[in-house]
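Chain by chain, the residues:
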Amino acid sequence: MSFHKICVYPEQVLARKADEIANIDGQIHKLAADMVETMYTAAGIGLAAPQIGVSQRLIVADMRKEGDGELITLINPVVVSGEGHNAIDEGCLSVPEFTAEVPRQAEILVRGVTLDEKEIEFTADGVLAIVLQHEIDHLNGILFIDRISSLKRDIFLRKLKKGKLKQS
Ligand code: ZN
């Protein structure tokens, strides 16, 4: 396992639609392990492959810091359906030093494939539902700053321009 540098806005890989994973081979297992290592090192609770520069549909999430859950690794994940509304202050390892409330669905049905090639489907709510929507957005080239009001986004862009946001 090795730690990878995290790509930050406006790096192009973050705006690209990631490729479906056709074969869960050794390269994918290594990618997943590297992403978990990188997520833990950066003290994040979720990470998508494009954030370490790999345009493939793989996400990891670990909610244990939030008090429950387990490490989740999902290949080609999709939100099948969702209902209700929820919003919390979101941040992103690829958008350092900025947070904003983002409108999300409260409860979602998620489908994906595990590293041992099993197709799984489960419902998620609370913070996990938000983390999964946030990470799956990354696979479609969408950042949380794309889902906030233009007023808030302007504040972000002005801060970025002035160099007030830490770039790591
Ligand atoms: Zn993110």
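Before reading on, note that the structure itself is shown above.
Given the structure is predicted, the values throughout are model-derived calculations rather than measurements. (Residues numbered from 1 in each chain as written. Predicted model: local features only at pLDDT ≥ 70, side-chain atom pairs only at ≥ 80, totals over all residues. Heavy atoms only, no water.)

(A) Spatial organisation of helix 2 (residues 126-139). Between its terminal C-alpha atoms helix 2 stretches 21 Å, which fits the 20 Å expected from 14 residues at 1.5 Å a residue. Taken across its 14 residues, helix 2 has twelve buried, putting it largely inside the fold. Those residues of helix 2 that sit buried are Leu128, Ala129, Ile130, Val131, Leu132, Gln133, His134, Glu135, Ile136, Asp137, His138 and Leu139. If you follow the buried residues of helix 2, they end up packed against strand 1 (46-48), strand 2 (58-62), strand 3 (71-83), strand 4 (89-92), strand 6 (107-113) and strand 7 (119-125). (Helix = DSSP H or I, 4+ residues; strand = E, 2+ residues; numbered from the N terminus. Expected span 1.5 Å × (residues − 1). Buried < 20%, exposed > 50% of the residue type's maximum accessible area, 1.4 Å probe, protein only. Contact = heavy atoms within 4.5 Å.)

(B) Representation of the sheet that holds strand 2 within the structure. Taken together, the five strands give an open sheet; going across it, the order is 1-2-3-6-7, and neighbouring strands pair in antiparallel fashion. Edge positions in the open sheet fall to strand 1 and strand 7, since each of these has one partner strand only. The mean angle between the axes of side-by-side strands here comes to 40°, regardless of whether they run parallel or antiparallel. Relative to strand 6, strand 3 is paired through six bridges, and the arrangement is antiparallel. Bridged to Gly82 within strand 6 is Ile108. This element, helix 1 (residues 26-41), spans strand 1, strand 2 and strand 3 of the sheet and lies at about 40° to strand 2. Relative to strand 7, helix 2 is tilted by about 125°, and along the sheet it contacts strand 1, strand 2, strand 3, strand 6 and strand 7. (Pairing = 2+ DSSP bridges. Axes fitted to C-alpha atoms, helices over the stretch in contact; angles between N-to-C directions.)

(C) Structural context of the state of the cysteines. Using the criterion set out here, one finds zero disulfides in the structure. Cys7 forms no disulfide, and the closest cysteine sulfur to it belongs to Cys92, at a distance of 11 Å. You can call Cys92 buried: its relative accessible area is 13%. (Disulfide = S-S within 2.5 Å.)

(D) The layout of surface pockets, seen in detail. By volume, the largest pocket amounts to about 490 Å³. Lining of the largest pocket is provided by 26 residues; of these, Gly44, Ile45, Gly91, Cys92 and Leu93 occupy positions nearest its centre. The class makeup of the residues in the lining of the largest pocket is twelve nonpolar, seven polar and seven charged. Taken as a whole, the second largest pocket holds about 260 Å³ of empty space. Around the second largest pocket sit 15 residues that line it, and Gly69, Glu70, Ile72, Phe122 and Leu128 are the ones nearest its centre. Within the residue set of the lining of the second largest pocket, elements represented by two or more residues are strand 3, strand 7 and helix 2. Ranked by the residues each element gives to the lining of the second largest pocket, the list is headed by strand 3, at four residues. (1 Å grid on protein atoms, 1.4 Å probe; cavity = no way out; pocket = protein on both sides within 12 Å on 5 of 7 lines; lining within 4 Å. Points joined across faces, edges and corners; volume = space filled by probe spheres on them. Nonpolar A, V, L, I, M, F, W, Y, C, P; charged D, E, K, R; others polar.)

Structural measurements only, silent on function.
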